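Structure at a glance
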There are 2 protein chains.
Amino acid sequence: MKISEVSKKYDIPVDTLRYYEKAGLLPNVHKNASGIRDYSESDCSWVEFIKCMRGAGLPVEVLKKYIALFFEGESTLAERKAILVSERQKLVEKRDAIQETIDRLDYKISVYEDKIVKREKELIGNSKNENAS
Amino acid sequence: MKISEVSKKYDIPVDTLRYYEKAGLLPNVHKNASGIRDYSESDCSWVEFIKCMRGAGLPVEVLKKYIALFFEGESTLAERKAILVSERQKLVEKRDAIQETIDRLDYKISVYEDKIVKREKELIGNSKNENAS
DNA sequence: TCTTGACCTGGAGTTTACTCCAGGGTATAA
DNA sequence: TTATACCCTGGAGTAAACTCCAGGTCAAGA
């Protein structure tokens, strides 16, 4: 698969795909004789994984470390798991912080709705007065 | 309240508090004759609000706009509400993306646990063989 | 009076994650 | 065979949100 196809498939700019590779997130993308990338199925799975993780905000550095450990083999299983557990915990905290903010916004929005209705009523009242005077 | 007290109370660096002010998030912090900031109760409420919103990832620019509208008065109620609704929606999407990633990590972590247990068993097996030979 | 610590400003520097660009090679359709 | 579209690299540029620093003011305690 060529880079433009991967880009389209996962909706990631080609520059970003090259950047991820340079950063060490895609260590195994094969290049043909004239230097053009040819993404394998496995490369694509990694792209999809990276997209998901980046979408949740995991740092590129963390993904780089994880992926490097992955390609070191079985001896790194425990360390890889530790990374995932730690990042999972951070995501839970982030999700909860976001949820609290959503709840707070919900409340504020409902207050705004009340205020806006009230103000509209007042404006109608005023315009009636204007017409009457 | 002096800046260092606000900093301690909300766990926000003094430099960040000054930065927020410069960015327009705290338009009303009073300064005494010698130019030293004195945060009012109301300023503190804004600091707390900003901390919550920034913690969920709302951009400084958006907060700046919201706060500017707030100080313009009642005529901006609808516009302010629209900002909150729009940001709320983005947070919901973000929360859901994070939740999906958490779920995915949970699955991966459970797979890792299985693999690690399996590998430990094999290692014990090998060491038994070693002892026997 | 002197020193210490907290405060001030304007502006430069840092970090993260892209994003863009110049300059150049390659393949393929007309 | 020539134009067009796509690919490459290395490196510079950008955006957001801080974070740090130099150089200076000011109040209070020894």
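Our subject is the structure listed above.
Once a new chain begins, its residue numbering starts again from 1 and follows that chain's sequence as written. Whichever chain is written first is A, and whichever ligand is written first is 1; the rest continue in order. Side-chain atom pairs in this predicted model are given and counted only at pLDDT of 80 or more, local residue features only at pLDDT of at least 70, and totals for whole chains, interfaces and linings cover all residues. The basis for every side-chain value is the complete set of non-hydrogen atoms in the structure, without hydrogens or water.

**Here we look at the overall build of chain A**
For clarity, the threshold we go by: For helices the rule is a DSSP run of H or I covering at least 4 residues; for strands it is a run of E covering at least 2, with both sets numbered from the N terminus onward. To get the radius of gyration, use the C-alpha atoms; to get the globule rule, take the number of residues to the power 0.38 and multiply by 2.2 Å. When a residue's accessible area, from a 1.4 Å probe over protein chains only, is under 20% of the maximum for its type it is buried; when over 50% it is exposed; and in between it is partly exposed. Throughout, a residue-residue contact means that at least one pair of heavy atoms, one from each residue, lies within 4.5 Å. Each accessible area is a Shrake-Rupley result for a 1.4 Å probe, and residues are judged covered by the shown protein chains and nothing else. The charge count treats Lys and Arg as positive and Asp and Glu as negative. His and the chain ends do not count. Here the site of a charge means NZ on Lys, CZ on Arg, CG on Asp, or CD on Glu.
A tally of helices and strands in chain A yields five helices and two strands. The N-to-C order of helical and strand elements in chain A reads α-α-β-β-α-α-α. Against the 2.2 N^0.38 benchmark of 14 Å for 133 residues, chain A shows a C-alpha radius of gyration of 26 Å, more extended than a compact globule. Referenced to the eigenvectors of the C-alpha coordinate spread, the extents of chain A come out at roughly 85 × 40 × 20 Å. The buried share among the 133 residues of chain A stands at 34%. Sequence separation of at least 24 residues holds for 44% of the intrachain contacts in chain A that already meet a minimum separation of 6. Total accessible area computed for chain A in this model is approximately 8200 Å², and 52% of it derives from carbon and sulfur atoms. Of the side-chain charges in chain A, 24 are positive and 23 negative, and the distance between the mean point of each set is 3 Å.

**Things to note about the protein's contact with DNA strand D**
Note the following rule: We define proximity as follows: a residue is near a molecule or strand when any one of its heavy atoms falls within 4 Å of that partner. Whenever a nitrogen or oxygen atom comes within 3.5 Å of another N or O atom, the pair is scored as a polar contact, on the condition that within protein one atom can donate a hydrogen and the other can accept it, and that pairs from neighbouring residues in sequence are kept only if both atoms are in side chains. Only Asp, Glu, Lys and Arg are considered charged, only Ala, Val, Leu, Ile, Met, Phe, Trp, Tyr, Cys and Pro nonpolar, and every remaining residue, Gly among them, polar.
The full set close to DNA strand D counts 18 residues, and Ser4, Arg18, Lys31 and Arg37 of chain A together with Arg54 of chain B are the nearest of them. Looking at DNA strand D alone, sugar and phosphate atoms form 75% of those within 4 Å of the protein. At a separation of 2.9 Å, a phosphate oxygen of DNA strand D approaches a polar side-chain atom of arginine 18 of chain A. At the level of secondary structure, the elements contributing two or more residues to the surface near DNA strand D comprise helix H1 (3-10) and helix H2 (14-22) of chain A together with helix H2 (14-22) of chain B. For the surface near DNA strand D, the element with the most residues is H2 of chain B, which contributes four residues. Among the residues forming the surface near DNA strand D, the class breakdown is seven nonpolar, four polar and seven charged.

**As for the interface of chain B and chain A**
For interface size, the figure often reported is the accessible area lost on association. Applicable threshold: For this analysis, a salt bridge means a side-chain nitrogen from Lys or Arg found within 4 Å of a carboxyl oxygen belonging to Asp or Glu.
Opposite the 35 residues of chain B that make contact, chain A presents 35 residues. Remark: the boundary between chain B and chain A carries eight salt bridges. The interface formed by chain B and chain A contains 14 residue pairs in polar contact (both at pLDDT 80 or more). Broken down by secondary-structure element, the contributors of at least two residues to the side of chain B that touches chain A are helix H3 (41-55), helix H4 (60-70) and helix H5 (77-132) of chain B.

**Some points on the protein's contact with DNA strand C**
Around DNA strand C, the surrounding shell holds 18 residues, and the nearest of these are Asp15 and Arg54 of chain A together with Ser4, Lys31 and Arg37 of chain B. Counting only atoms of DNA strand C within 4 Å of the protein, the fraction found in sugar and phosphate groups is 77%. Note that a phosphate oxygen of DNA strand C is positioned 2.9 Å from one of the side-chain N or O atoms of arginine 18 of chain B. Here a phosphate oxygen of DNA strand C and a side-chain polar atom of lysine 31 of chain B are 2.6 Å apart. At the level of secondary structure, the elements contributing two or more residues to the surface near DNA strand C comprise H2 of chain A together with helix H1 (3-10) and H2 of chain B. Per element, the largest residue contribution to the surface near DNA strand C is four residues, and it comes from H2 of chain A. Broken down by class, the residue content of the surface near DNA strand C amounts to seven nonpolar, four polar and seven charged.

**Examining the state of the cysteines**
Structurally, a disulfide amounts to a covalent bond that connects the sulfur atoms of two cysteines. Residue and element names in this part refer to chain A. Operational definition: Cysteine sulfur pairs qualify as disulfides if the two atoms are within 2.5 Å.
Going through the model one piece at a time under the given rule, you end up with zero disulfides over all chains. Free of any disulfide, cysteine 44 has its nearest neighbouring cysteine sulfur in cysteine 52, separated by 16 Å. You can call cysteine 44 buried: its relative accessible area is 4%.

**Let's talk about the relation of the copies chain B and chain A**
Inclusion rule: Least-squares fitting of one copy onto the other uses the C-alpha atoms of those residues that reach a pLDDT of at least 70 in both copies.
By a simple turn and slide, chain B fits onto chain A: the slide is 0.0 Å along the axis, the RMSD is 0.1 Å, and the turn is 180°. Interpreted geometrically, this transformation is the action of a two-fold axis. The rotation axis passes nearest to the C-alpha of arginine 95 of chain B in chain B, at a distance of 2.8 Å. Looking at the interface residues of chain B, 100% of them are also at the interface in chain A, so both copies use one shared face.

**Here's the deal with the nonpolar core**
In globular proteins that are soluble, nonpolar side chains generally tend to be buried together. Stated formally: We define a nonpolar core as any set of buried Ala, Val, Leu, Ile, Met, Phe, Trp, Tyr and Cys residues linked to one another through side-chain atoms lying within 4.5 Å.
With 68 residues, the main nonpolar core has Leu26, Tyr39 and Val47 of chain A together with Leu26, Tyr39, Val47 and Leu63 of chain B as its most contacted residues. What leucine 63 of chain B contacts, discounting residues up to four positions off in sequence, is Leu25, Phe49, Ile50, Met53, Arg54 and Leu58 of chain B.

**Here's the deal with the packing of aromatic side chains**
Worth spelling out the cut-off: Stacked, edge-to-face and tilted are the three classes for Phe, Tyr and Trp ring pairs, Trp counted by its six-membered ring, which pair at centre distances within 6.5 Å; planes under 30 degrees apart are stacked, over 60 edge-to-face, the rest tilted. Only lysine NZ and arginine CZ atoms are considered, and such an atom sits over a ring when it is within 6 Å of the ring centre and within 35 degrees of the ring normal.
Summed over all chains, the structure comprises 14 aromatic pairs over all chains. The rings of Trp46, Phe49, Tyr66, Phe70 and Phe71 of chain A together with Tyr112 of chain B are connected pair by pair, giving a single aromatic cluster. Geometry around tyrosine 112 of chain A places lysine 115 of chain A over its ring, the cationic atom sitting 5.7 Å from the centre.

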